[in-house]
Amino acid sequence: MDLNRLFIFNMKKWRKNRGISQKTLSERCEAAHTYIRQIESGSRTPSFSFIGKLAEALDIEAYQLFYDETAAWGEETSPREHLEALKMNILAQVAHGIDTVIAEAQK
């Protein structure tokens, strides 16, 4: 599962479902319009605190920006199990990022 693509897909989905333009979303998040555009294009990655702002501006819970509905269809997993798997995936990606930074710092 590519969390960046999933996040971007869900961000656009929720924004469009709410009938919100990128400009309006940027105003609600107190951010530059270009920043929202860059996030949706995949050229920038928001911080955890900004993800919280996005969720609030979209009137959703932050986890919904990472929830993969297609992975849950047809499976016998509970929403809790699905979220636990998502959490483990996020933690693995964070750990990999930290390991990369440490390796670069040791060079």
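Structural data are supplied above this passage.
The structure contained in this document is the topic of the report that follows. None of these values were measured; they are calculated from a predicted model.

### What to know about the pattern of salt bridges
Alright, step 1. Under the defined criterion, the tally for this structure stands at four salt bridges.
Alright, step 2. Between Arg5 and Asp2 there is a salt bridge, and its shortest N-O distance comes to 3.4 Å.
Alright, step 3. Arg5 gets classed as exposed once you look at its relative accessible area, which sits at 61%.
Alright, step 4. Overall, Asp2 belongs to the partly exposed group, its relative accessible area being 35%.
Alright, step 5. Notably, a salt bridge pairs Glu27 with Lys23, separated by 2.7 Å at the nearest N-O pair.

What counts, and where the lines are drawn
Residues numbered from 1 in each chain as written. Predicted model: local features only at pLDDT ≥ 70, side-chain atom pairs only at ≥ 80, totals over all residues. Heavy atoms only, no water. Salt bridge = Lys/Arg side-chain N within 4 Å of Asp/Glu carboxyl O. Buried < 20%, exposed > 50% of the residue type's maximum accessible area, 1.4 Å probe, protein only.

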